[in-house]
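# Architecture at a glance
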Amino acid sequence: MFPRIVYESFRRQARRKLLAGIAITLGVAVATAMIAVATDIGDKINRELRSYGANLVVTPQEDTLDVEVGGVNLKPPSDGAFLNEADLPKIRGTFWHHNIVGFSPMLPATIKLGNGSDAKDVTLVGTYFNKALSFGKEDFTTGVRITHPWWKVSCGDGKESPNCGWPDDNSQNILVGERLAAKLVKKPGDTLEISGRQLTISGILSTGAAEDDQIVSPLALAQQILGKPGAVRRLYVSALTKPPDALSVRDPKTMTPEVYDRWYCSPYVESIAYQLQEVIPHSHAEQIRQVAQNEGTVLSRIKGLMLLVTLAALLASALAVSAAMATAIYERRVEVGLMKALGAGDLAVSAIFFAEALLLALVGGIAGFSAGALLARQIGRSIFHSQISIEPVLFPVILAIAVFVTFAGSAAAIRRAVKFDPVFALRGEG
Amino acid sequence: MSTIPGTLLTPKQVADRRVQSPHTSMFARMLLRAAVLRRRRAASALLAMVVAAAVATTMMNLYVDVQAKLRTEFRNYGANVVIVGKDGQSLPADALAKVESVLGAKTLAVPFSYAVARTKDGQSVVVVGTDFARARQLNHWWKVSHWPDAPNEALIGMRAASVVSPNRQPFELTFQGKAIQLAPAGMLQTGAGEDSRIYLDQSAFQNWTGVAPSTIEVAANGTAAEVEASIRQLAPLLPAADIRPVRQIMEGEANVLNKTRATIYASATLVVLTSALCVLATLIGWVFDRRRDFAIMKALGASERLINGFFAAEAAALGVVGAILGFFIGIGVAAWIGRVNFHAPVVPRFSVFPYVLAGSVAVALISAILPIELLRRVQPAIILRGE
């Protein structure tokens, strides 16, 4: 009898059930989408924050002081120590290599432009643009195009052309900073004589910083000019990190082994710096505080905001589901009156309603979860241009929440419907 | 209904009132009694309305305010505009005053002057003169053990310290033959170029080297367009200087801000839609429930317009009351979120109110008219018989 009542109720009141089902589906869809977006937003914003550039810098341990004023390097080029270029791919072997978005080596050299008396000192920086490297079996590319996304290469007159652009990492082509190019009256395709070499300008570089007055070349070229093969002065590393907390700022030397393991296995900027020092011999890795310190704050603010918005979304969907359920049950008082007049107990009547609610919640929950997953994907694709992945573990959680909210929303209405005097209900009063 | 004392009315107006007044009063009484007699159902409908309006207000307030809040966070990244003397020249003495007058008081502008000095053993080191109070506000990320408070005290970069003053002893620097004795006040750690420099108070620096500031770093508030406008405004005032935005900071900020704003916008839309749905479900139930009132009115000869008007007025009243209550609750919640998340309250935006009000009334009207349209087709007798 019980299954039949439930079955007939769905068959005969298909429209009403559909309405309640739609409310549950929409509520669950919004909740799923919001939870998915909120759990993924940290990672997404973290990647967006990488557009501020590298957050770690690796320098040789025994380096002398930088003497640089207004982008002009006054330090003698052979002075100080260097890192070894051959060590760089080892960065892919660190514990947190998946969190390392990219790295760019830098090798500044001071060169003379022009002849005789009007010769002047200009800084030439060797780096990777989009260099193909391999570590073990893994092939990857890295360079300033990843770590310095605000660097723009143009043809100098604002026009795009296939003839100018980023130089190849294995070429002898160079980029000239926009202010320097204006001073020298050079455009892409022209050649520039540097240390006896004729180098072709492949593009005009605009960065809004010191590089606008400099020349940027492939690393190998700068090493040849300096006569120091394999030398790297500085290495910028862009890594996805976790906001700092009480553990991150502790000195690893004073930690107990368990705490040390936890610290080492958390992507703090400090522990990534520590691991970079481990793989690159005689190096000193340090966070660039301007980028590293601020991104933690921005990240936690945005995550906190999304958490609160998600709570609001959950509240709103819970209310919508309960409102729909309450309405659906309230309309069926006559039915309850009839059942009670025929001798059904409060328990039996409630059981029918709860069974119906359970069915609705399950169907609505499954439909809503799929719709919510699609919605989250759409949000991820249109805002972040990347996938928002939904953890499969979310599915049972969402389903449980859907059942719970539907029950909670129905409970008050069911109690009222059951308590209602059958006489009044059947006479249509109330 | 009597005329209000003290108001003068023409006989015709008085007559008109007599004709209208019982009618309006009956209408008002019906509205009031409907709310009082079924207060539980009315209360639950109102509750749904209030919650929806509160959620919508919170979301709109947050959406409008979150950009301003995040911009303040982004200003912690430091200067977004740099003013540099052309070809390394010093800036005119009144440059800082000009910058401040154009950009307003809320903008932070910090002068920097640079010189290369020599240590006792002949090493070159960059010495910078600046205004410590301002630099401290601009560069929040500088990790400083102790800020200098006397003119001959210097702030020493981590790497410079190992060269000039490894044991934190006083040291001597020379610039073009002029020597100065300095005491290290604290250490500076930034992970960037600052680590190899020594920072001095601007006046002490200028007395020693005679070099005036060549760079002003500015943290300008506002959107990218506003900052660009300020730069254009400044350019003719300082012809001897290059004024340029710091692209690294500006582009990073624009990027993160746009993405966050879009996410909040999408979420807010979803939340507001869901709460509208909640109101719709509750109100439709409420009106549907009163089909007997509807049938009695119709049986007693009420016109369709009157009935529609009655239910519409009821829904509108509910929408207005719900919007007002919800608006104030929503402002409270938004302020609370601001305090919890940004440590600064979200400023209430009363400009949001018309939207909340219009939205609430519209949703209420839709949810009243939908069931009425359905009921209109049914004979009153059928409803009254309870079928």
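Residues numbered from 1 in each chain as written. Chains lettered and ligands numbered in written order. Predicted model: local features only at pLDDT ≥ 70, side-chain atom pairs only at ≥ 80, totals over all residues.

### As for the overall build of chain B
When helices and strands are counted, chain B shows 12 helices and 10 strands. Relative to a compact globule of 387 residues, whose C-alpha radius of gyration would be 21 Å, chain B shows 35 Å and is clearly more extended. Judged by the C-alpha coordinates and their principal axes, chain B covers about 110 × 50 × 35 Å. Evaluated residue by residue, chain B yields a buried proportion of 42% over its 387 residues. (Helix = DSSP H or I, 4+ residues; strand = E, 2+ residues; numbered from the N terminus. Rg over C-alpha atoms; globule rule 2.2 N^0.38 Å. Buried ≥ 20, exposed ≤ 12 C-beta atoms within 10 Å, placed from the backbone.)

### A word on the overall build of chain A
Within chain A, the regular secondary structure consists of 12 helices and 16 strands. Relative to its length of 430 residues, chain A is extended, with a C-alpha radius of gyration of 33 Å against a globular reference of 22 Å. For chain A, the C-alpha atoms occupy an extent of roughly 110 × 55 × 40 Å along the three principal directions. Going through the 430 residues of chain A one by one, you find that 45% of them count as buried. The long-range share in chain A, meaning contacts at least 24 apart out of those at least 6 apart in sequence, stands at 78%. (Contact = placed C-beta atoms within 7 Å.)

### Describing unusual backbone geometry
The backbone of H282 of chain A shows a phi angle near 50°, a positive value even though the residue is not glycine. Judged by the 14 C-beta atoms lying within 10 Å of it, H282 of chain A is partly exposed.

### With respect to helix α8 (residues 289-330) of chain A
Helix length check: α8 of chain A (42 residues) gives 61 Å between terminal C-alpha atoms against 62 Å at 1.5 Å per residue, within 8%. Within α8 of chain A, 32 of the 42 residues are buried, which leaves the element mostly enclosed by the surrounding structure. (Expected span 1.5 Å × (residues − 1).)

### What about the environment of G85 of chain B?
All names here are of chain B. By the secondary structure assignment, G85 is in strand β1 (residues 81-85). For G85, a count of 21 C-beta atoms within 10 Å translates into the label buried. It is 9.1 Å that separates the C-alpha atoms of G85 and L238, two residues lying 153 residues apart in sequence. Ignoring sequence-local partners within four residues, the contact set of G85 consists of S90, L91, S214, A240 and A241.

### Digging into the interface of chain A and chain B
Each partner contributes to the interface: chain A provides 57 residues, whereas chain B provides 62 residues. Counting residues per element, the ones that place at least two in the side of chain A that touches chain B are α2 (14-49), β2 (68-69), β16 (283-287), α8 and α10 (346-384) of chain A. Broken down by element, the residue count for the side of chain A that touches chain B peaks at 22 residues, all from α8 of chain A. Taken together, the residues of the side of chain A that touches chain B sort by class into 34 nonpolar, 15 polar and eight charged. (Nonpolar A, V, L, I, M, F, W, Y, C, P; charged D, E, K, R; others polar.)

### Let's talk about the environment of S410 of chain A
Residues and elements named next belong to chain A. Take S410: it is sitting in helix α11 (residues 394-419). C-beta crowding within 10 Å serves as the criterion here: with 27 such atoms nearby, S410 is assigned to the buried category. As for S410 and A324, which are separated by 86 residues in sequence, their C-alpha atoms are 8.9 Å apart.

### With respect to the packing of helix α10 (residues 304-342) of chain B against helix α11 (residues 353-376) of chain B
Residue and element names in this part refer to chain B. The geometry of α10 relative to α11 is characterised by a closest axis approach of 8 Å and an angle of 145° between their N-to-C directions. Crossing handedness for the pair α10 and α11: right-handed. Of the residues contributing to the contact of α10 with α11, the split by class is 16 nonpolar, six polar and one charged. (Axes fitted to C-alpha atoms, helices over the stretch in contact; angles between N-to-C directions. Left-handed = near helix turned anticlockwise from the far one by under 90°.)

### Let's talk about the domain arrangement of chain A
You can read the domains of chain A as domain 1 (2-45 + 298-427) and domain 2 (55-287). Computed from C-alpha coordinates alone, the two centres of domain 1 of chain A and domain 2 of chain A are separated by 54 Å. (Domains from an automatic or database assignment.)

### Looking at the domain arrangement of chain B
On domain assignment, one finds that chain B holds domain 1 (34-72 + 256-384) and domain 2 (80-245). Between the C-alpha centres of domain 1 of chain B and domain 2 of chain B there is a distance of 56 Å.

### Some points on the pairing of strand β9 (residues 215-219) of chain B
Residue and element names in this part refer to chain B. Of all five residues making up β9, five are buried, and the element is well covered by its neighbours. A two-sided burial pattern is seen for β9, the buried positions comprising T215, E217 and A219 on one face and I216 and V218 on the other. In terms of strand pairing, β1 meets β9 through four bridges, oriented antiparallel. From the neighbouring strand, V81 faces β9, where its bridge partner is V218. Bridging between strand β2 (residues 108-118) and β9 involves five bridges; their strand directions are antiparallel. The residue bridging P111 from the neighbouring strand is I216, located in β9. (Pairing = 2+ DSSP bridges.)

### Quick notes on the pairing of strand β7 (residues 178-189) of chain B
All names here are of chain B. Sheet topology places strand β4 (residues 143-144) next to β7; two bridges connect them, and they run antiparallel. Across the sheet, the residue bridging to V144 is L188, located in β7. In this sheet, β7 lies alongside strand β6 (residues 171-175) in antiparallel orientation, the contact comprising five bridges. Looking at the pairing, F175 lines up with K178 of β7. Hairpin geometry of β6 and β7 is characterised by an intervening segment of two residues between the two adjacent antiparallel strands and by a positive phi of about 45° at Q176.

### Some points on helix α6 (residues 202-209) of chain B
Residue and element names in this part refer to chain B. What α6 keeps buried is the set Q202, F205, W208 and T209. The buried residues of α6 occupy an angular sector of 130° when projected down its axis, which confines them to one face. Against β2, β3 (124-130), β6, β7 and β8 (197-201) lie the buried residues of α6. (Arc of directions from axis to C-beta.)

### Thoughts on the packing of helix α8 (residues 247-289) of chain B against α11 of chain B
Residues and elements named next belong to chain B. Following both chains from N to C, one finds α8 and α11 inclined at 40°, their axes separated by 8 Å at the closest point. Relative to α11, the element α8 lies oblique. Viewed along their axes, α8 and α11 form a crossing whose handedness is right-handed. The segment α8 lies against α11, with A276, V279, L280, L283, I284, V287 and F288 engaging V363, A364, I366, S367, A368, L370, P371 and I372. (Parallel < 35°, antiparallel > 145°, perpendicular 65-115°, else oblique.)

### A short note on the environment of T310 of chain A
Residues and elements named next belong to chain A. The residue T310 is located in helix α8 in this model. Classification of T310 as buried rests on a count of 22 C-beta atoms within 10 Å. Between the alpha carbons of T310 and P167 there is a distance of 46 Å; along the sequence they are 143 residues apart. Setting aside chain neighbours within four positions, we find T310 in contact with M34, I35 and A38.

### Quick look at the confidence of the model for chain A
On average, chain A scores 86 in pLDDT, and the residues at 70 or more come to 96%. Of all secondary-structure elements in chain A, the lowest mean pLDDT belongs to strand β3 (residues 72-73) of chain A, at 70, while strand β13 (residues 215-218) of chain A reaches the highest, 94. (pLDDT = per-residue confidence, 0-100.)

### Quick notes on the confidence of the model for chain B
All names here are of chain B. Mean pLDDT over chain B: 84, with 94% of residues reaching 70 or higher. The least confident element of chain B is helix α1 (residues 11-37), whose mean pLDDT is 68; the most confident is β8, at 93. Predicted complex, confidence summary: ipTM 0.80, pTM 0.80.

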